[in-house]
Amino acid sequence: MEHIPKCGDVKMFETLGFETLTPRTASILFGLGLGAAFGVLAELTRFCLRRGVIGSGTDGRQALAVWLTALAVAVIGTQGAVMAGWVEFSGHRYHAPTLPILSLVVGGLMFGAGMVMTRGCLSRLVVLGSSGNLRAVVVIGVAALTAQAALKGVFSPLRTTLGAVEIPAPSLPVLGAVVPVLLAAFFIAQTRPKLGTIVLAALLGGLIPLGWLGTGLVLMDEFDPIAVESLSFTLPLADTLFWTAASSAVGGNFGTGLIGGVVLGAALSALLAGRFAWQGFEGAGQMGRYLSGGVLMGLGGVFAGGCTVGAGLSGVATLSTAATIALLAIIAGAWIAARVDARINAPETSGSGAQTTTPDTPQAA
């Protein structure tokens, strides 16, 4: 019978010629390549869950169709790899025997609210920042610093307190993989986005199983193991911030390569298409809103165990109950925050119906 490489199979790493590199170095280069592909595809498709959840009209539904297409391909590809025996997630944090239910829900709600306040989730902001949006760059820095503080700093006691509330983790049935496919098909049929956009979204979704296969099979070395992971942004941004400040003492990893790749890919795509443009804050009020949203996303991404990509695409693709709860909480947080925001900024009218105040028009991130 033909030998099928498994996780931890050293021969797979050596056969592909990686013996000249350490697994960590190879994972950085792999992350760089995946990130570049994500940056290009996300910039071209305007990949954004926030716009899909709270966007109005056809634009919002088309954004949701794009996002769900990527999720459907991510789930199909990842579960195909599982069934082929190439990767397995039994020991992964996404499939822990207990659920930190309070942390997942609170973190997801915080992240969802934060991405409404900043008009983009972390992945979208990295793409926008690479396209010249300085508002996004500032938010990314704040979110990365806050995430690091939640992991190892002043907010870590809050993280452990929320994480201590646990319940047994039920397993998602394999048939759950069908749900994203059906949802994607429904929104595609309803909104009929351009075929090219859907193809690009599918390619983006294919990066998720590619990430799992790369770190969990191709680059796995039992004598020098690396973390099994795919695309995410909360922890990689925190790691990139730490590496930037102390690279002589702390080495890079898959996540730092990933962030670097996204920046390069998105910047190149924006420059070639003529979409690169410098943008900044319009006032102190807007800046305060964006900084607050960055803090919420940094904390929420850590508490929930991931962002819209880390938990939403990569996590759900493994059929993780924890990641699914986190994603649903993020969506709920965005939906609630958008409606609160609409009430706060709604124009006041006099008794005769005449508008007496006009709210500021929110600017795109």
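Details of the structure are given in the entry above.
Residues numbered from 1 in each chain as written. Predicted model: local features only at pLDDT ≥ 70, side-chain atom pairs only at ≥ 80, totals over all residues. Heavy atoms only, no water.

1. A closer look at the packing of helix α2 (residues 23-45) against helix α10 (residues 195-218)
The condition is simple: Axis definition: a line fit to C-alpha positions, over the contact stretch in the case of helices; interaxial angles, taken between N-to-C directions, run 0 to 180 degrees. To qualify as a helix, a DSSP run of H or I must reach at least 4 residues; to qualify as a strand, a run of E must reach at least 2; elements of each kind are numbered from the N terminus. In what follows, roughly perpendicular refers to angles from 65 to 115 degrees, roughly parallel to angles under 35, roughly antiparallel to angles over 145, and oblique to any angle outside these ranges. In this scheme the crossing of two helices becomes right-handed for a clockwise turn of the near helix relative to the far one and left-handed for an anticlockwise turn of less than a right angle. Any two residues whose heavy atoms approach within 4.5 Å are treated as being in contact. Gly is put with the polar residues, along with every residue not named as nonpolar or charged; the nonpolar set is Ala, Val, Leu, Ile, Met, Phe, Trp, Tyr, Cys and Pro, and the charged set is Asp, Glu, Lys and Arg.
The geometry of α2 relative to α10 is characterised by a closest axis approach of 9 Å and an angle of 160° between their N-to-C directions. Taken together, α2 and α10 sit at an angle that is classed as roughly antiparallel. Crossing angle aside, the handedness with which α2 passes α10 is left-handed. Contact with α2, carried on its side by Phe30, Leu34, Ala37, Phe38, Leu41, Ala42, Leu44 and Thr45, involves Thr197, Leu200, Ala201, Leu203, Leu204, Leu207, Leu210, Gly211, Gly214 and Thr215 of α10 and no other residues of that element. When grouped by side-chain class, the residues that make up the contact of α2 with α10 number 13 nonpolar, five polar and no charged.

2. Some thoughts on the pattern of salt bridges
The test is simple: Take a side-chain nitrogen of Lys or Arg and a carboxyl oxygen of Asp or Glu: if they are within 4 Å of each other, that pair is a salt bridge. Working definition: with a 1.4 Å probe on protein chains only, accessible area under 20% of the residue-type maximum means buried, over 50% means exposed, and in between means partly exposed.
Summed over all chains, the structure comprises four salt bridges. The shortest N-O distance in the salt bridge between Arg275 and Glu43 comes to 2.7 Å. Linking Arg275 in the loop between α12 (254-273) and α13 (284-304) with Glu43 in helix α2, this pair joins segments that are 232 residues apart in sequence. In this structure Glu43 comes out as buried when scored by relative accessible area, which is 8%. The partner of Asp341 in a salt bridge is Arg289, with the nearest N and O atoms 3.1 Å apart. Taken together, the positions of Asp341 in helix α15 (residues 321-344) and Arg289 in helix α13 put the pair 52 residues apart, joining distant regions of the chain. You can call Asp341 partly exposed: its relative accessible area is 22%. The structure contains a network of salt bridges with shared partners spanning Arg46, Arg51 and Asp59.

3. As for the packing of helix α7 (residues 134-152) against helix α11 (residues 234-245)
The geometry of α7 relative to α11 is characterised by a closest axis approach of 8 Å and an angle of 95° between their N-to-C directions. Our classification of the angle between α7 and α11 gives roughly perpendicular. Together, Ile140, Ala144, Leu145, Ala147, Gln148, Leu151 and Lys152 of α7 and Thr234, Leu235, Leu237, Ala238, Asp239, Leu241 and Phe242 of α11 make up the contact between the two elements. Residue classes in the contact of α7 with α11 are distributed as ten nonpolar, two polar and two charged.

4. Brief notes about the nonpolar core
The condition is simple: We call a set of buried Ala, Val, Leu, Ile, Met, Phe, Trp, Tyr and Cys residues a nonpolar core when their side-chain atoms join them within 4.5 Å.
One finds Phe38, Phe47 and Phe233 to be the most contacted residues of the largest nonpolar core, which totals 74 residues. Considering every element that reaches this core, the biggest residue donor is helix α4 (residues 57-83), with eleven residues. Apart from residues lying up to four places away in sequence, Phe47 is in contact with Phe38, Ala42, Val66, Trp67, Ala70, Arg124, Leu204 and Leu313. If you look at the next biggest cluster of nonpolar residues, it comprises eight residues, including Ala150, Leu162, Leu299 and Phe303.

5. Observations concerning the side chain of Ser130
How we decide: Polar contact is the term for a pair of N or O atoms within 3.5 Å; when the atoms are in protein, one must be able to donate a hydrogen and the other to accept it, and sequence-neighboring residues count only if both atoms are side-chain atoms.
Residue placement: Ser130 occurs in helix α6 (residues 122-130). One polar contact links the side chain of Ser130 to the main-chain carbonyl oxygen of Val126, over a distance of 2.7 Å.

6. Some points on α6
Every α-helical turn comprises 3.6 residues, leaving residues that sit three or four positions apart pointing alike. A large share of α6 lies buried, amounting to nine of its nine residues. What α6 keeps buried is the set Leu122, Ser123, Arg124, Leu125, Val126, Val127, Leu128, Gly129 and Ser130. Residues of α6 that are buried in the fold lie against α2, α5 (101-117), α7, α11, α12 and α13. One or two steps after α6, the chain reaches Gly132, where phi turns positive at roughly 105°.

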